[in-house]
Amino acid sequence: MAYEEGLAERIRARLGADPAISAKRMFGGLAFLHEGNMAVGVIGDELVVRVGPDATDAALARPGTRAFH
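Throughout what follows, the structure given in this document is the object of discussion. Starting from 1, residues in each chain are numbered consecutively following that chain's sequence as written. A pLDDT threshold of at least 70 governs which residues receive local features in this predicted model, and a stricter bar of 80 or more applies before side-chain atom pairs are shown or counted, although totals over entire chains, interfaces and linings include all residues. Side-chain calculation: all heavy atoms of the structure are included, whereas hydrogens and water are not.

Structural notes on the layout of surface pockets
Points on a 1 Å grid over protein atoms alone make up a cavity when a 1.4 Å probe fits among them but cannot get out, and a pocket when they form an open set with protein on both sides within 12 Å along at least five of seven lines; lining residues each have an atom within 4 Å of a point. Grid points are joined across faces, edges and corners, and a volume is the space filled by probe spheres set on the points. Considered as a void within the structure, the largest pocket measures approximately 590 Å³ in volume. In terms of lining residues, the largest pocket is bounded by 16 residues, among which Leu-47, Val-48, Val-49, Arg-66 and Phe-68 are the most central. Going through the elements one at a time, strand S3 (37-43), strand S4 (46-49) and helix H2 (56-60) are the ones with two or more residues in the lining of the largest pocket. By definition, any uninterrupted DSSP run of H or I lasting at least four residues is a helix, any uninterrupted run of E lasting at least two residues is a strand, and each is numbered from the N terminus. Sorting elements by how many residues they give to the lining of the largest pocket places S4 first, with four residues. The residue makeup of the lining of the largest pocket, split by class, is ten nonpolar, three polar and three charged. Any residue that is not Ala, Val, Leu, Ile, Met, Phe, Trp, Tyr, Cys, Pro, Asp, Glu, Lys or Arg is counted as polar, Gly included; the first ten are nonpolar and the last four charged.

Looking at unusual backbone geometry
With the exception of glycine, most residues fall at negative phi, and the peptide bonds are largely trans. One non-glycine residue, Phe-27, lies in the positive phi region at around 55°. Position of Phe-27 among the secondary structure elements: in the loop between strand S1 (21-26) and strand S2 (29-34). Only protein chains enter the calculation, and the probe is 1.4 Å; a residue is then buried if its accessible area is under 20% of its type maximum, exposed if over 50%, and partly exposed in between. Looking at Phe-27, the relative accessible area reads 52%, which means it is exposed. The phi torsion at Glu-35 lies on the positive side, around 50°, for a residue other than glycine. With respect to the helices, strands and loops of the structure, Glu-35 is situated in the loop between S2 and S3. On the basis of relative accessible area, Glu-35 is assigned to the exposed category, the value being 61%.

Here you go:
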């Protein structure tokens, strides 16, 4: 599965040139890692965001969100 390059470029622009950030192809998409841990990614035309366990319910309550399995 290809990922939306335009969305990936928007993420790159927001993350800036932080040396702790790297990009890696994962899950058929592109993941952005912070110090080796996935933080955000693009799969197809969807944005994937990792949130902590305390923020999961609030994140899933937002329109257009769903759990990633």
